[in-house]
Protein chains: 4
Amino acid sequence: MGRAQEAKRRDGNEIEFSRIVAFSDGVFAVAITLLALNLSIDTNLPKGELGQAIWDQRENFLAYAISFAVIGRFWLVHHRFFGEVTAFDGRLISLNMLYLAFIVLIPFGSQVLGEYGGQTTAVVVYAVNLSACVLVGLWMVADAHRAGLTSIDAEAHRENRIRSIYIASVFLASIPVAFVLPTVAQLMWLVLFFDPTSRIAERTAA
Amino acid sequence: MGRAQEAKRRDGNEIEFSRIVAFSDGVFAVAITLLALNLSIDTNLPKGELGQAIWDQRENFLAYAISFAVIGRFWLVHHRFFGEVTAFDGRLISLNMLYLAFIVLIPFGSQVLGEYGGQTTAVVVYAVNLSACVLVGLWMVADAHRAGLTSIDAEAHRENRIRSIYIASVFLASIPVAFVLPTVAQLMWLVLFFDPTSRIAERTAA
Amino acid sequence: MGRAQEAKRRDGNEIEFSRIVAFSDGVFAVAITLLALNLSIDTNLPKGELGQAIWDQRENFLAYAISFAVIGRFWLVHHRFFGEVTAFDGRLISLNMLYLAFIVLIPFGSQVLGEYGGQTTAVVVYAVNLSACVLVGLWMVADAHRAGLTSIDAEAHRENRIRSIYIASVFLASIPVAFVLPTVAQLMWLVLFFDPTSRIAERTAA
Amino acid sequence: MGRAQEAKRRDGNEIEFSRIVAFSDGVFAVAITLLALNLSIDTNLPKGELGQAIWDQRENFLAYAISFAVIGRFWLVHHRFFGEVTAFDGRLISLNMLYLAFIVLIPFGSQVLGEYGGQTTAVVVYAVNLSACVLVGLWMVADAHRAGLTSIDAEAHRENRIRSIYIASVFLASIPVAFVLPTVAQLMWLVLFFDPTSRIAERTAA
């Protein structure tokens, strides 16, 4: 395959390779920390209203917790994927940039969700944002896998693909629901705590 | 022990390991720098009122100084702990994420403390935030120690546990006090400058 | 050449060298992530107006997408250039700082473009900002090349110079146009998707 | 000397050492990028007033340029100093933290200077902030040098000390002047472009 031969081997280009990873880590670290900027209190509250003001932020705290876990999870997947990358080219770097562009939007999506969690638009914004992260991530991984830039074996790649499609499906399925029952749409995301992926992978492999 | 055997050895996975550390360092670096965003002045002050405006920020400066020292201290402890980690698995990475999630809240807690330092709620918010950092940190360390992922010897680990419990106790004990005398609750934290831990460790070892 | 002899060799100073690169990567990572702070919604919108508020941000999203691609592209060029650097001195570090000072302005330029995209001033601000990045970048590369601090061969350097001048020319040419037709000036930037550089390089080499 | 013997050698602890440096670099990178947050325009300007709004920010741009150069310079000095560090202990790490705490204040000082440049208070705030950076930096370097933790030779250290005292003196001398003529006090800082340090060092060495 032409692309794998033209790509730079990771072995002989450790510094260049580690810069891509370090840049990505920097973006993840800043994005996850910016989540906390969505938590903020007015500076001139009358005495005695601070407790209420913090209580009013409870949905922002919830959005913070969810989004921290989400970005942390994306980082972990990214971390594992790049641990398996054996060669890289401009196309992989570009797809990684596109992926990061959607990761960096999560603090915005999280702000919208925290402020307007019960509304259709907020749920749709967040679901679209996270689906985009998952799907672009899948694209990046599948593309690198096909081009022979990774050491992921076929079985692991298949499981990963099923998992990504499963996660994206849950988010995408919650979008139409959000137009009728926004709160139910959010509850649908809890399904993600149950990961039937390996069972699906087994059955479809048979 | 199963977990230690399944965990990845740090030796053969230096790059993956150093990414975890680099990501954590990035989060710490951003969080500690965001503390300065709590210091801010209005842009349209009438001439001659700037001095007063800065003087009015004195509690914010104090909160900045305290929180910078606090995050710096947490970073140092984190730094030392990861210096002793010899193997890592998904569980250690997850606990580290949870730990970072509370570290990233410190700039928010610091803003609340700086703006409303004399009020019960502000003192409680800050004390809860820091206790959570200490306790999750202790959990992470104890869990990794138990699973055989570190080279910390039993004695050092025991001292570390006593110190963490001591620090968390001071913060937790200040919470009920804050409901009656918020300023006294804050002064209680000064106790932390005296570190009786090694003496306690010696006595309880006997 | 005196400067190349006085410069520190990268080989014997990997740690110092990698700190320069790591610092630059950190600045790029923070700058690219701060782009998302230009996306923000009011926190007290009446029910049902969230969709409109997000739709009103469509130009901010466009500016975000453009600027993310732009900073990502600058990072890639910077990344490749430093991959070819074989020695460094104070002058290279200073030019790199100047370069970063213009990169860090992009989130501001992007905010102006997102909010006031149809106005002459906004287009001029953005075009000046990006031209400055390209030209200072060219200065840095040409200066290091002349001083013998890189392993870029003459032909590659010539192509790089032509490309930089081409990009800067498009931005600079859009400035007078922006005084008459700001929207057309922005559309001119699309020319950059067509890269005639290698053909120009071939013809002028003949 | 006890401290040098108890300190960890950099050679055998490269990872721990490089984390200190990486953390410091992260803080510098975030702080220098946050400077751009001081540049900001209103989002609802009437048509045609954008040019004026940007022109009104000219002092903010000047403060940005000065502060970027200042932080960049501090980073370079820090970078060179840590290039000479051969061993480290808790005390060096603590002094480094204190040093960073003043570096992180520069974006705030810069905001004050940009908004209220002609006023005594703003000039004093900035001069105090930068003097503190220089003096704490000198303290850190002198302390590490005395403890035998660096490979700086006596002559280079003497020059460095003279330079630091010279810079701090200019800032400190501008403070009383600022109470009478704030603009003149700022112009005094230009003296720093002339560096008589090496001549002073020569003369006092004789």
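Just so we're clear, the structure is a prediction, and the values are computed from it rather than from any experiment.

Counting secondary structure elements, chain A contains ten helices and two strands. C-alpha extents for chain A along the principal axes are approximately 65 × 40 × 20 Å. The contacts in chain A between residues at least 6 apart in sequence include a share of 79% that link residues at least 24 apart.

Right, let's talk about the interface of chain B and chain D for a bit. Contacts between the two partners involve 22 residues from chain B and, on the opposite side, 24 residues from chain D. Among the elements that take part in the side of chain B that touches chain D, helix α2 (residues 14–34) of chain B stands out by supplying nine residues, more than any other. Split into classes, the residues belonging to the side of chain B that touches chain D amount to 14 nonpolar, seven polar and one charged.

Take the packing of α2(B) against helix α2 (residues 14–34) of chain D next. α2(D) packs onto α2(B) with a crossing angle of 45° between their chain directions and a minimal axis gap of 9 Å. Taken together, α2(B) and α2(D) sit at an angle that is classed as oblique. Every pair of crossing elements has a handedness; the one defined by α2(B) and α2(D) is right-handed. When α2(B) is examined against α2(D), the residues B:V21, B:A22, B:D25, B:G26, B:F28, B:A29, B:V30, B:I32 and B:T33 are found in contact with a partner set consisting of D:R19, D:A22, D:F23, D:G26, D:V27, D:V30, D:A31 and D:L34.

With an RMSD of 0.0 Å, the operation that places chain B on chain D is a rotation of 90° combined with a shift of 0.0 Å along the axis. Taken together, the turn and the small shift mark the pair as related by a four-fold rotation axis. Taken as a fraction of all interface residues of chain B, those also at the interface in chain D reach only 14%, which identifies the copy contact as different-surface.

Below, the discussion takes up the relation of the copies chain A and chain B. Turning chain A through 90° and shifting it by 0.0 Å along the axis lays it on chain B, with an RMSD of 0.0 Å. Little of the interface of chain A is mirrored in chain B, where only 14% of its interface residues again form contacts.

Let us look at the environment of D:R158. Residue and element names in this part refer to chain D. For R158, the position within the fold is in helix α8 (residues 154–180). A count of 14 C-beta atoms within 10 Å places R158 in the partly exposed class. Separated by 16 residues in sequence, R158 and A142 place their C-alpha atoms 9.5 Å apart.

Time to look at the arrangement of the chains. At no point do chain B and chain C touch; the closest pair of C-alpha atoms across them sits 9 Å apart. One finds no contact between chain A and chain D; the C-alpha atoms of the two approach each other to within 9 Å at their closest.

Below, the discussion takes up the interface of chain A and chain B. Tallying the contact residues gives 22 residues for chain A and 24 residues for chain B. Those elements that place two or more of their residues in the side of chain A that touches chain B are α2 (14–34), α3 (50–55) and α4 (58–84) of chain A. By residue number, the principal contributor to the side of chain A that touches chain B is α2(A), which donates nine residues. Classifying every residue of the side of chain A that touches chain B by side-chain character gives 14 nonpolar, seven polar and one charged.

Here we take up the confidence of the model for chain A. As a general rule, the predicted coordinates of low-pLDDT regions are not to be interpreted in detail. In this model, chain A carries a mean pLDDT of 88, and residues with pLDDT of at least 70 account for 94%. Here the complex is predicted with pTM 0.91, and the ipTM for its interfaces comes to 0.88.

This brings us to the packing of helix α4 (residues 58–84) of chain D against helix α6 (residues 106–116) of chain D. Residues and elements named next belong to chain D. Where α4 meets α6, the closest approach of the two axes is 8 Å, and the angle between their N-to-C directions is 150°. With respect to each other, α4 and α6 are oriented roughly antiparallel. The hand of the α4/α6 crossing is right-handed. Residue-level contacts link E59, N60, A63, Y64, S67, V70 and I71 of α4 to I106, S110, L113 and G114 of α6. Looking at the contact of α4 with α6 residue by residue, the class counts come to six nonpolar, four polar and one charged.

When the terminal C-alpha atoms of α4(D) are compared, their 39 Å separation across 27 residues agrees well with the 39 Å that a helix rising 1.5 Å per residue should span. When α4(D) is considered as a whole, its buried residues turn out to be D:N60, D:A63, D:Y64, D:S67, D:F68, D:V70, D:I71, D:G72, D:F74, D:W75, D:H78 and D:F82. Summarising the contacts, the buried residues of α4(D) are in contact with α2 (14–34) and α5 (90–103) of chain C together with α2, α5 (90–103), α6 and α7 (120–146) of chain D.

What follows deals with the environment of C:Q5. All names here are of chain C. Summarising the element assignment, Q5 is placed in helix α1 (residues 2–6). Looking at Q5, the number of C-beta atoms within 10 Å reads 9, which means it is exposed. In sequence terms Q5 and L149 are 144 residues apart; their C-alpha atoms lie 9.3 Å from each other.

If you trace the backbone, C:H79 turns up in helix α4 (residues 58–84). Separated by 72 residues in sequence, C:H79 and C:S151 place their C-alpha atoms 14 Å apart. Once residues lying within four places of it in the same chain are set aside, the contact partners of C:H79 are A:E16 and A:R19.

Each value, and the rule that gives it
- Residues numbered from 1 in each chain as written.
- Chains lettered and ligands numbered in written order.
- Predicted model: local features only at pLDDT ≥ 70, side-chain atom pairs only at ≥ 80, totals over all residues.
- Helix = DSSP H or I, 4+ residues; strand = E, 2+ residues; numbered from the N terminus.
- Contact = placed C-beta atoms within 7 Å.
- Nonpolar A, V, L, I, M, F, W, Y, C, P; charged D, E, K, R; others polar.
- Axes fitted to C-alpha atoms, helices over the stretch in contact; angles between N-to-C directions.
- Parallel < 35°, antiparallel > 145°, perpendicular 65-115°, else oblique.
- Left-handed = near helix turned anticlockwise from the far one by under 90°.
- Least-squares fit on C-alpha atoms with pLDDT ≥ 70 in both.
- Buried ≥ 20, exposed ≤ 12 C-beta atoms within 10 Å, placed from the backbone.
- pLDDT = per-residue confidence, 0-100.
- Expected span 1.5 Å × (residues − 1).

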